[in-house]
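Listed here are the chains, written in short residue letters.
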Amino acid sequence: MAARNAASRVVVSIAAAIRLVSSVVGGLIVLYAVFVLFEANPDNPIVQFTAGVRNDLGAFTRDLFTPEDPKIANTVNALIAAIVWVVGGNLLSKAVTRLAPRPKASSKD
């Protein structure tokens, strides 16, 4: 029983780590989208860091939508990448949580 509880805690911790990482990545991509929308200084280290996260982990939505205004296009595409990260991370976390061993029901006779 103790081993089952320990295994359950490990699986739940892994699921929480997945949620945390995906939320942080999604948050950084949203921050990048805000920087683009409000035309932040591209030479700022924070802007450069968030741009790197966007380019490395959110490139799958680059040029997904191409409105005439490139600022709007970049913002919308970045926000979609952030949504995919957060939703995908939460779904994966829930799937991992389902793998956690459940305690056996005690039978009373």
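Refer to the structure presented above.
All residue numbers refer to position in the chain's written sequence, counted from 1. Only residues with pLDDT of at least 70 are given local features in this predicted model, and only at 80 or more are side-chain atom pairs given and counted; all residues enter the totals for whole chains, interfaces and linings. To obtain the side-chain values, all non-hydrogen atoms of the structure were included, while hydrogens and water were left out.

Asks: Break down the overall build of the protein chain for me, citing the residues and quoting the values.
Replies: Along the protein chain, the regular secondary structure elements total three helices and zero strands. If you list the helices and strands of the protein chain from N to C, you get α-α-α. By its C-alpha atoms, the protein chain is 70 × 25 × 20 Å across when sized along the principal axes. For the exposure calls, accessible area comes from a 1.4 Å probe over protein chains only, and a residue counts as buried if that area is under 20% of its type's maximum, exposed if over 50%, partly exposed in between. For the protein chain, the proportion of its 109 residues judged to be buried stands at 27%. Residue pairs in contact within the protein chain that sit at least 24 positions apart in sequence constitute 65% of those at least 6 positions apart. For the accessible areas, the method is Shrake-Rupley and the probe is 1.4 Å, while residue cover comes only from the protein chains on display. Here the protein chain has roughly 7,300 Å² of accessible surface; of this, 66% comes from carbon and sulfur atoms. Charged residues are defined narrowly, with Lys and Arg counted positive, Asp and Glu counted negative, and His plus the chain ends left uncounted. Charge placement uses NZ in Lys and CZ in Arg. For Asp and Glu, CG and CD serve respectively. Here the protein chain carries 11 positive and 7 negative side-chain charges, and the mean point of each set is 25 Å from the other. Labels follow the DSSP assignment, with helices taken as runs of H or I lasting at least four residues and strands as runs of E lasting at least two, numbered in each case from the N terminus. Working rule for contacts: check all heavy atoms of both residues, and any pair within 4.5 Å makes them a contact.

Asks: If you had to explain a positive patch on the surface to someone new, which residues and values would you point to?
Replies: Taken together, the side chains of Arg19, Lys94, Arg98 and Arg102 define a basic patch exposed on the protein surface. By secondary structure assignment, the location of lysine 94 is in helix 3 (residues 70–97). Patch definition: residues above 30% relative accessible area lacking any salt bridge, with like charges linked at up to 9 Å and the nonpolar side chains Val, Leu, Ile, Met, Phe, Trp and Tyr linked at up to 5 Å. The rule for a salt bridge is simple: a side-chain nitrogen of Lys or Arg has to be within 4 Å of a carboxyl oxygen of Asp or Glu.

Asks: I'd like a description of the environment of isoleucine 18, backed by residues and values.
Replies: Tracing the chain through its elements places isoleucine 18 in helix 1 (residues 2–37). Residues isoleucine 18 and asparagine 90, 72 residues apart in the sequence, show an inter-C-alpha distance of 7.7 Å. When neighbours within four sequence positions are excluded, isoleucine 18 is seen to be in contact with Gly89, Leu92, Ser93 and Val96.

Read these as geometric descriptors, not functional statements.
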